[in-house]
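Listed below are the residues making up each chain.
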Amino acid sequence: MFELSKQFRFEAAHTLNRAPETEEVESSRRIHGHSYRAEVTVRGEPDPETGMIIDLTLFERAMQEARDGLDHRFLDEVPDLGPATMENLALWIWRKLEPRCPGLAAVTVHRDSNGEKCTYYGGRA
Ligand SMILES: Nc1nc2c(c(=O)[nH]1)N=C([C@H](O)[C@H](O)COP(=O)(O)OP(=O)(O)OP(=O)(O)O)CN2
Ligand SMILES: [Zn+2]
């Protein structure tokens with residue numbers, strides 16, 4: 001079994017409603033931005049003829065479309081995203097890529113500035 005991964009970066013703004021007991025509740029409600037890094041992984045066996053699980057160019061094209069939907073966007077207005085958390089970003093990217101990436105196994109959204117990441121492995125109804 002092999003895993004093949006590729007990453008893309010995007011910058012985006014959002015607001016977020018936080019639990020009242022968090023200290024940053026007011027600053028999170030204001031529009032602010034983050035730098036994100038998404039890592040997408042497919043799992044499978046390489047095709048014996050091509051030696052590839054998926055051609056990286058096709059992989060990149062699918063990821064580019066997802067990136068276009070998020071980069072330099074106000075995430076609160078991105079259709080079907082919901083509250084712009086890392087959890088929902090990972091789920092949103094998964095849904096965009098799943099039809100075009102057979103063997104999709106994981107989508108991880110990183111916020112490197114503060115060492116945060118969230119991984120979605122599929123499986124939600
Ligand atoms: N489970 C989650 N919790 C939180 C998320 C999330 O995506 N999933 N996101 C946030 C916010 O985006 C928030 O803006 C982060 O705020 P804070 O912890 O204060 O971090 P900074 O604003 O300091 O981050 P910088 O990138 O350094 O500006 C909160 N919770
Ligand atoms: Zn934020």
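Data block above holds the structure.
Residues numbered from 1 in each chain as written. Chains lettered and ligands numbered in written order. Predicted model: local features only at pLDDT ≥ 70, side-chain atom pairs only at ≥ 80, totals over all residues. Heavy atoms only, no water.

Time to look at the pattern of salt bridges. According to the stated counting rule, one finds eight salt bridges in the structure shown. When the shortest N-O distance is used, the salt bridge between Arg37 and Asp112 registers 2.9 Å. Taken together, the positions of Arg37 in strand 2 (residues 32-44) and Asp112 in the loop between strand 4 (104-111) and strand 5 (116-120) put the pair 75 residues apart, joining distant regions of the chain. Among the charged side chains, a salt-bridge network with shared partners connects Arg9, Arg37 and Asp112. (Salt bridge = Lys/Arg side-chain N within 4 Å of Asp/Glu carboxyl O. Helix = DSSP H or I, 4+ residues; strand = E, 2+ residues; numbered from the N terminus.)

So, on to the pairing of strand 1 (residues 2-14). In this sheet, strand 2 lies alongside strand 1 in antiparallel orientation, the contact comprising 13 bridges. Within strand 2, the residue paired with Glu3 across the bridge is Arg43. Alignment of strand 1 against strand 3 (residues 73-74), held across two bridges, turns out to be parallel. Each bridged residue has a counterpart across the sheet, and for Ala13 the counterpart in strand 3 is Phe74. (Pairing = 2+ DSSP bridges.)

Should the sulfur atoms of two cysteines be covalently bonded, the bond is a disulfide. Across all of its chains, the model carries zero disulfides by this definition. With no disulfide of its own, Cys101 has Cys118 as its nearest cysteine by sulfur position, at a separation of 19 Å. Exposure remark for Cys118: the relative accessible area of 17% places this residue in the buried category. (Disulfide = S-S within 2.5 Å. Buried < 20%, exposed > 50% of the residue type's maximum accessible area, 1.4 Å probe, protein only.)

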